[in-house]
Amino acid sequence: MVQSVKRKQGWHLLQCLGKVFSWRASLSWVLEGLGGEANLKPENVEIHIIDDNFFLKWNSSSESVRNVTFSADYQILGTDNWKKLPGCQNTTSTNCNFSSVELKNVFEKIELRIRAEEGNNTSIWYEVEPFVPFLEAQIGPPDVHLEAEDKAIILSISPPGTEDSIMWATDRLNFRYSVVIWKNSSSLEERTETVFPEDKIYKLSPEITYCLKVKAELPLQSRVGYYSPVYCINTTERHNVPSPENIQINADNQVFVLKWDYPYENTTFRAQWLRAFFKKIPGKHSGKWKQILNCENVTTTRCVFPRNAFPSGIYYVRVQASNGNGTSFWSEEKKFYIEMKTVIFPPVISLKSITDDSLHVSVGASEESENTSVNQLYPLIYEVIFWENTSNAERKVLEKRTEFTFLDLKPLTVYCVKARALIENDRRNKSSSFSDTVCEKTKPGDTSKTWLKAGICTALFSIPVVIYVVRLFLRCVNYVFFPSSKPPSSVDEYFSDQPLKNLLLSTSEEQTERCFIIENASIITEIEETNEIDEVHKKYNSQTSQDSGNYSNEDENSGSKISEEFLQQDSV
């Protein structure tokens, strides 16, 4: 009995304690609802969005309390209309998926709140900071489908999200896909390529297992997605008809020339083209390829087609070979820019001086460009470079017009100009080479004309002065270097009867003594006086001869003259 009583007392004690604990737990929820305790409310709430999948996660401090659930509400910021968040009502876990929420716009701000519940008792709301779904969204892994050839793998990539995705509805065509591929036997030889949703990976080996993974990116938004799972595929055995290789396309006057390499003869070829923007559209586009004019069933490794076969734009070209044994796989696709193959010829420019401080430039099309359709297909603009001939400082003008006038120039100065043509609004800056350089001198200004007149007057006035100075100079030269051989008149009067003889041409005459018989002394006196005069005359004559450079033999002639006078007087 005692033991049974004690058992009953212990049982009642446990019941009381249970009631107490139950009352305290209920009290804590009541206090929590009144804002007293905050131990049971959710903490560290996070939102994760991948493509169109919305997840809400949190931590709970009420794990020790049983039968606790969580519920969340949402509203568009500024509406003050809270709605129950689908997928996140009365959940016992610490995460929920609310992807089924109906959002008309992923660019609007959304508010979330979450609380803990136990029966009729609830905690206070935990409010999440408002967010924009599009800005929080991450790019998920794309779906990939593979097909194998002998030297290539065909990729078919589905964009992240679903076909009716609202998150990437405006970006499905903007995704860029990166592929990492490697041989299954060696993961060290990885190779990364950028591909389109429908594309090929070339330059592979037959009968080899390759593995790859793909991720999507939005480059303009700097968003990089998650990699897809790893896919592996085995390439086929070598095909009995090889594909053409080294596809090239060149412009030649009014036509395009498509060329390729092929090792065998007796083969026919065909070529197709596809507009480049189809490559960005997800899905199959094999039916979009078109046959190139004049490039079907050709037996040579080249074909020629007119320029007007392609409007302006970007294209892809491929070639296929056929023989009696079958048809090859399509060749590697070659990207083809119509604008890059377009030849723009340099313009022809003319330069004309208008005034003393301005020049006029005219830009015209060359004869070659007049025969092409470049000006009709692509609007051109002109870059004109103008500079002074003696300076490196240049002026650049980029305009659509063809007439230019350069002002504020210097008079009588040589200026040069050259120009080139560019395709308007072309991202690749396609342009011609520069034209030949043309130079022209500006007209003289008013100041230049004044100086010109002053220079002419000065020249006319200085001519007589120059003539006089030159004549005077010539006279001095003649006097110094070319003196006259005629002696002065004071000396010449003594030699008027007899000619002078040059001492340099003197003859070798025999010296003889002259003897005279003197009978009258007065005559002797007269002769002596005459001799004295002759001596003086000889000295003077010798000096004159030395000065003039001429020599005289007057001493001999004077003696003969005196002797004759003496004989005449003696005979008298």
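Fair warning: this is a prediction, and the values are worked out from it, not measured in the lab.

A.B. asks: Can you help me understand the overall build of the chain in this one?
C.D. replies: When helices and strands are tallied, the chain shows 9 helices and 32 strands. Sorting the 572 residues of the chain into buried and exposed places 34% on the buried side. Partitioning the contacts of the chain with sequence separation of at least 6, the portion at a separation of at least 24 is 63%.

A.B. asks: Looking at this structure, I do not really get unusual backbone geometry. What am I missing?
C.D. replies: Negative phi characterises most residues that are not glycine, and trans characterises most peptide bonds. You will see that aspartate 80, though not glycine, has its phi angle at about 55 degrees, which is positive. Positionally, aspartate 80 belongs in the loop between β3 (69–76) and β4 (83–84). Look at glutamate 207: it is not a glycine, yet its phi comes out positive at around 55 degrees. Classification of glutamate 207 by relative accessible area gives exposed; the value is 53%.

A.B. asks: Teacher, can you tell me more about the sheet that holds strand β2 (residues 53–60) here?
C.D. replies: Strands in a sheet are paired, the pairing made by backbone hydrogen bonds, and the direction either parallel or antiparallel. Spatially, β5-β2-β1-β9 is the arrangement adopted by the 4 strands of the open sheet, whose pairing is mixed. Pairing within the sheet leaves two strands with one partner each, and these edge strands are β5 (95–97) and β9 (137–138). In the sheet, strand β1 (residues 42–50) pairs with β2 via 7 bridges, with the strands oriented antiparallel. Each bridged residue has a counterpart across the sheet, and for isoleucine 49 the counterpart in β2 is phenylalanine 54.

A.B. asks: Is there a simple way to think about the sheet that holds strand β31 (residues 414–423) in this case?
C.D. replies: Taken in spatial order, the 4 strands of this open sheet run β29-β28-β31-β32, and their pairing is antiparallel. In this open sheet, the two edge strands, each paired with only one partner strand, are β29 (394–399) and β32 (438–441). Direction aside, neighbouring strands of the sheet carry axes that sit 25 degrees apart on average. By the bridge criterion, 6 bridges tie strand β28 (residues 380–388) to β29 in an arrangement that is antiparallel. Residue pairing for β29: valine 384 is matched across the bridge by valine 397.

A.B. asks: Just checking my understanding: could you explain the packing of aromatic side chains for this structure?
C.D. replies: Going through the model one piece at a time under the given rule, you end up with 16 aromatic pairs. Ring geometry for phenylalanine 196 and tyrosine 316: centres 6.3 Å apart, planes at 85 degrees, overall edge-to-face. Of the two residues, phenylalanine 196 sits in the loop between β13 (186–195) and β14 (198–201) while tyrosine 316 sits in strand β23 (residues 314–323), which places them 120 residues apart along the sequence. Look at tyrosine 262 and tyrosine 264: their rings are 6.1 Å apart centre to centre, the planes differ by 75 degrees, and that puts the pair in the edge-to-face class.

A.B. asks: Hey, could you run me through the side chain of serine 362 in this one?
C.D. replies: One can find serine 362 in strand β27 (residues 358–364). Note on serine 362: relative accessible area 18%, which makes it buried. At 2.8 Å, the side chain of serine 362 and the side chain of glutamate 403 are in polar contact.

A.B. asks: Got a minute to help me understand the state of the cysteines in this structure?
C.D. replies: Think of a disulfide as a covalent bridge from one cysteine sulfur atom to another cysteine sulfur atom. Under the defined criterion, the tally for this structure stands at 4 disulfides. Covalently, cysteine 88 is tied to cysteine 96 through a disulfide, its sulfur atoms 1.8 Å apart. Between cysteine 88 and cysteine 96, the disulfide has an S-S torsion of 90 degrees and is therefore right-handed. The exposure class assigned to cysteine 96 is buried, which follows from its relative accessible area of 4%. Covalent S-S linkage joins cysteine 295 and cysteine 303, the inter-sulfur distance amounting to 2.0 Å. As the torsion about the S-S bond is roughly 90 degrees, the cysteine 295-cysteine 303 disulfide counts as right-handed. Here cysteine 295 and cysteine 303 have matching classes, each one buried. Disulfides within the chain link the bonded cysteines, taken in sequence order, as 1-2, 3-4, 5-6, 7-8.

A.B. asks: Would you explain the nonpolar core in this entry?
C.D. replies: Ranked by internal contacts, the top residues of the largest apolar core, which has 47 residues, are Leu56, Leu85, Phe98, Leu112, Leu155 and Leu212. Among the elements that take part in this core, strand β15 (residues 209–218) stands out by supplying 5 residues, more than any other. Inspection of this core shows a minimum of three residues originating in each of domain 1 (42–136) and domain 2 (143–235). Residues in contact with phenylalanine 98, not counting those within four places in the same chain, are Ile47, Phe54, Phe55, Leu56, Leu85, Pro86, Cys88 and Leu112. Counting 22 residues, the second-largest nonpolar core is a separate cluster that includes Leu258, Trp260, Ala271 and Tyr315.

Rules used throughout
- Residues numbered from 1 in each chain as written.
- Predicted model: local features only at pLDDT ≥ 70, side-chain atom pairs only at ≥ 80, totals over all residues.
- Heavy atoms only, no water.
- Helix = DSSP H or I, 4+ residues; strand = E, 2+ residues; numbered from the N terminus.
- Buried < 20%, exposed > 50% of the residue type's maximum accessible area, 1.4 Å probe, protein only.
- Contact = heavy atoms within 4.5 Å.
- Pairing = 2+ DSSP bridges.
- Axes fitted to C-alpha atoms, helices over the stretch in contact; angles between N-to-C directions.
- Phe/Tyr/Trp six-rings, centres within 6.5 Å; stacked < 30°, edge-to-face > 60°.
- Polar contact = N/O pair within 3.5 Å; in protein donor to acceptor, adjacent residues only side chain to side chain.
- Disulfide = S-S within 2.5 Å.
- Core = buried A, V, L, I, M, F, W, Y, C linked by side-chain atoms within 4.5 Å.
- Domains from an automatic or database assignment.

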